[in-house]
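What follows is the residue order along each chain.
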Amino acid sequence: MPRENNRDAGLLKISYGMAAGGGASGVTARALEECGELLARGDDHLRKSAAEGRDGVGWINLPGKDVADVEEAGKWISGFGAMVQAGIGGSALGNLMLHGALLPPYWNELPREKRGGPRFYMADNVDPADNRMIWNLIDPADTVFTVISKSGSTAETMANFLFFWDRLKVELGPEKAAERVVVVTDEKTGVLRPFADEIGCRRLVLPADVGGRFSVLSPVGLLSAAALGIDIKKLLGGAAEMDGILASKKTVTDNPAWLMAALSVAHYRQGRNMTVLMPYEDALERFCEWFAQLWGESLGKNGMGSTPVRALGAIDQHSQIQLYTEGPDDKFFTVMTVAEPAEEITIPETEEGALASLSYLFGQSMNSLRRYEALSTAAAIGKSGKPVVTMELPVLDERQLGGLIQFYEYFTALAGWALDVNPFDQPGVERGKNYTYGLMGRENYSDQALEVTDLAEKLSMREVSV
Ligand code: PA5
């Protein structure tokens, strides 16, 4: 069962420091205000571009889209024992983020009656061991296979899908195999749409104006969410609510997206070229992975961009905090918490004398311990003079997460505007894809293969074997 919704709570609380002397770790109120003026123009441009259906900006409109077809397909998949998805990057990370945040942990290990939806397996990396294991764990006749690719051609996704498609045809025959496949892709590009026509399988369309890493609230992310029992309308409702708030607030201190974009950019300009996201909530661990792609691919171009760093409290408190507090001042931190987590445990008391010194824990809430750890981490980072923002979600449910997704996408796009880069393209990713096509012998990509070989020589890549 997905977690309960709380309809009355707010969406998000952000705290950031402006020291009495006028600066927080080097960023002054004035610098924020100035960035606000730039962001006002960026915001205007974004909204106009979305209204005109410009390439890459369609994600702003996703919360208002009709999702009846996704719900219908999700309902159909929910009756199966397992769902396997082939996809990578923006065609995988959003799914894992939604499941991680909104489904109980260890989903696949729960008995069917406690899940109410299929087990889920993501085939994103190209690893034969993973694919074989997935195949061994499922009953092909009781499994739906989704293949998701915006471009309809990514080598990793296609290789993984070809493996499952081949096995499935051998096991069930081509007709029954096709009945278990769902394709999600762009209407025009790549081989997947004609493939879907050829085998007559189900298909859903990824809007042309939505890019991969901004596609989680399209059929890309919503299909598996719906199949696994997540209320996708509430998710979109939360995103729409956040979007309404962002559209109505017009100052850098009022509008949370302007604020986060301004803080991120101002600190980046001061040499803080890493952005650390550290939730104290295991359910948000995958949110960091999703954010890392969104931030890294959107902003890393023309020599600009801050490197996203995924951290998880309290684990990284015992791993990275030494570096974060006493290392170089090159990072901007966000510590994220959930005020009312889904579960609570009261730490039990025990009578053994050897454990008497632990009495400070007896009877305390495990969530309080986690909250105090988050507070301690933010305080320790602040004390060391490094910039830290704290974000608190009242609860973590569909509405809050939908709002958080829209908020993160929005301020990432605004940060792109402020850095004067196009947040909606990814030429570096495409280059890598094209090199791979060339090296794998794909037709019309021989120039790319030659370029890689040539580069390897020019860069004098040396080898050492031991
Ligand atoms: O954001 C992007 O465009 C990329 O990272 C893609 O998500 C990733 O390369 C997968 O591409 P596709 O969905 O076309 O298979």
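Everything numeric here is computed off the predicted structure, so don't read it as measured data.

Asker: Please give an account of the sheet that holds strand β10 (residues 307-310) that cites residues and values.
Answerer: Read across the sheet, five strands follow the order β1-β12-β11-β9-β10 without closing on themselves; strand pairing throughout is mixed. Where the open sheet ends on each side, the last strands, each with one partner, are β1 (13-16) and β10. Each adjacent strand pair in this sheet contributes to an overall mean axis angle of 20°, direction not counted. Where strand β9 (residues 274-279) lies against β10, four bridges are found, and the strand directions are parallel. From the neighbouring strand, V276 faces β10, where its bridge partner is V309.

Asker: With reference to specific residues and values, describe the domain arrangement of the protein.
Answerer: Here the protein is described as being made up of domain 1 (13-48 + 234-418) and domain 2 (79-228). Here the C-alpha centroids of domain 1 and domain 2 sit 31 Å apart. Residue-level contacts link 20 residues of domain 1 with 15 residues of domain 2. Where domain 1 abuts domain 2, roughly 1700 Å² becomes buried across the two surfaces, and 72% of that area is made up of carbon and sulfur atoms. Of all residues in domain 1, R286, W290 and Q293 bury the most surface against domain 2, accounting for 30% of the area lost on that side. The tally of links between domain 1 and domain 2 comes to one salt bridge. A salt bridge links R213 to E297; its shortest N-O distance comes to 3.0 Å. If you look at where domain 1 meets domain 2, you find four residue pairs in polar contact (both at pLDDT 80 or more). Here the side of domain 1 that touches domain 2 gets eight residues from one element, more than from any other, and that element is helix α12 (residues 285-299).

Asker: Any chance you could break down the nonpolar core for me, citing the residues and the numbers?
Answerer: Side chains of nonpolar character tend, in soluble globular proteins, to be buried together. One finds W59, F287, L401, F407 and Y408 to be the most contacted residues of the largest nonpolar core, which totals 94 residues. In terms of residues, this core owes the most to one element, helix α15 (residues 398-419), which gives 12 residues. Both domains that furnish three or more residues to this core are identified here as domain 1 (13-48 + 234-418) and domain 2 (79-228). Not counting the four nearest positions on each side in its chain, W59 is found in contact with L46, D209, V210, F214, Q406, E409, Y410, A413 and F424. Of all hydrophobic cores here, the second largest spans 23 residues; its members include V84, I134, F161 and V181.

Asker: Break down the pattern of salt bridges for me, with residues and values.
Answerer: All told, the structure shown has 22 salt bridges when counted by the stated rule. A salt bridge links E52 to R54; the shortest N-O distance between them is 2.9 Å. Measuring nitrogen to oxygen at the nearest pair gives 3.2 Å for the salt bridge that ties E71 to K233. Placement of E71 in helix α2 (residues 68-78) and of K233 in helix α10 (residues 232-248) is noted, with a sequence separation of 162 residues between them. Judged by its relative accessible area of 27%, E71 falls in the partly exposed class.

Conventions we followed
Residues numbered from 1 in each chain as written. Predicted model: local features only at pLDDT ≥ 70, side-chain atom pairs only at ≥ 80, totals over all residues. Heavy atoms only, no water. Pairing = 2+ DSSP bridges. Helix = DSSP H or I, 4+ residues; strand = E, 2+ residues; numbered from the N terminus. Axes fitted to C-alpha atoms, helices over the stretch in contact; angles between N-to-C directions. Domains from an automatic or database assignment. Contact = heavy atoms within 4.5 Å. Buried area = accessible area lost by both parts, 1.4 Å probe. Salt bridge = Lys/Arg side-chain N within 4 Å of Asp/Glu carboxyl O. Polar contact = N/O pair within 3.5 Å; in protein donor to acceptor, adjacent residues only side chain to side chain. Core = buried A, V, L, I, M, F, W, Y, C linked by side-chain atoms within 4.5 Å. Buried < 20%, exposed > 50% of the residue type's maximum accessible area, 1.4 Å probe, protein only.

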